[in-house]
Amino acid sequence: QVQLVESGGGLVQAGGSLRLSCAASVRTFSTDGWFRQAPGKEREFVAAITWGGVRTSYSDSVKGRFTIARDHPKNTVYLQMNVLKPEDTAVYYCAVGCSAYGCSNPSEYNYWGQGTQVTVSS
């Protein structure tokens, strides 16, 4: 149906920055977001952005450090991650296609990227 291609993950030192990208094959006119999952832990909400871009939401653990944004002509959602900490280490997943008002649960999204590893060293 909808293919999502993630990029931008990698290894970075604590305090550094990375920008993740999620490019969709088609426009979905939806709220889209990012989740992450560390070994032995459940997938957790990171950030979401509405189609119009007026409203964004973040988990408390990343608020003030991460920024989610859109590029509509490219059908792309970004996650700018600054002041990275070792506890940010996880596989990050792009999620597309939430039609609910609040989109912080994985079950509310229709499409998922393949995941990209983010590793933050001390």
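Quick look at the structure, then. Please read all numbers here as calculations on a predicted model, not as lab measurements.

## Describing the packing of aromatic side chains
Across all of its chains, the model carries 5 aromatic pairs by this definition. Relative to phenylalanine 45, the ring of phenylalanine 35 has its centre 5.7 Å away and its plane inclined at 75 degrees; by these criteria the two rings are edge-to-face. Here phenylalanine 35 is found in strand 4 (residues 31–37), whereas its partner phenylalanine 45 is found in strand 5 (residues 44–49), with 10 residues between them in sequence. By relative accessible area, which is 15% here, phenylalanine 45 ends up buried. Clustering of aromatic rings is evident, with ring pairs tying together Phe35, Phe45, Tyr109 and Trp112. Of note, arginine 19 hangs over the ring of tyrosine 78, and the distance from its end group to the ring centre comes to 4.2 Å. Residue placement shows arginine 43 over the ring face of tyrosine 93; its charged tip is 3.9 Å from the ring centre.

## Considerations on the sheet that holds strand 1 (residues 4–7)
Taken together, 4 strands build an open sheet; the order of strands is 1-3-8-7 and the sheet is antiparallel. At either end of the open sheet lies a strand with only one pairing partner, and these are strand 1 and strand 7 (66–71). Between one strand and the next, the sheet's axes are offset by a mean angle of 15 degrees, whatever the strand orientation. Bridging between strand 3 (residues 18–24) and strand 8 (residues 76–81) involves 6 bridges; their strand directions are antiparallel. Across the sheet, the residue bridging to cysteine 22 is valine 77, located in strand 8.

What counts, and at which threshold
- Residues numbered from 1 in each chain as written.
- Predicted model: local features only at pLDDT ≥ 70, side-chain atom pairs only at ≥ 80, totals over all residues.
- Heavy atoms only, no water.
- Phe/Tyr/Trp six-rings, centres within 6.5 Å; stacked < 30°, edge-to-face > 60°.
- Helix = DSSP H or I, 4+ residues; strand = E, 2+ residues; numbered from the N terminus.
- Buried < 20%, exposed > 50% of the residue type's maximum accessible area, 1.4 Å probe, protein only.
- Lys NZ or Arg CZ within 6 Å of the ring centre and 35° of its normal.
- Pairing = 2+ DSSP bridges.
- Axes fitted to C-alpha atoms, helices over the stretch in contact; angles between N-to-C directions.

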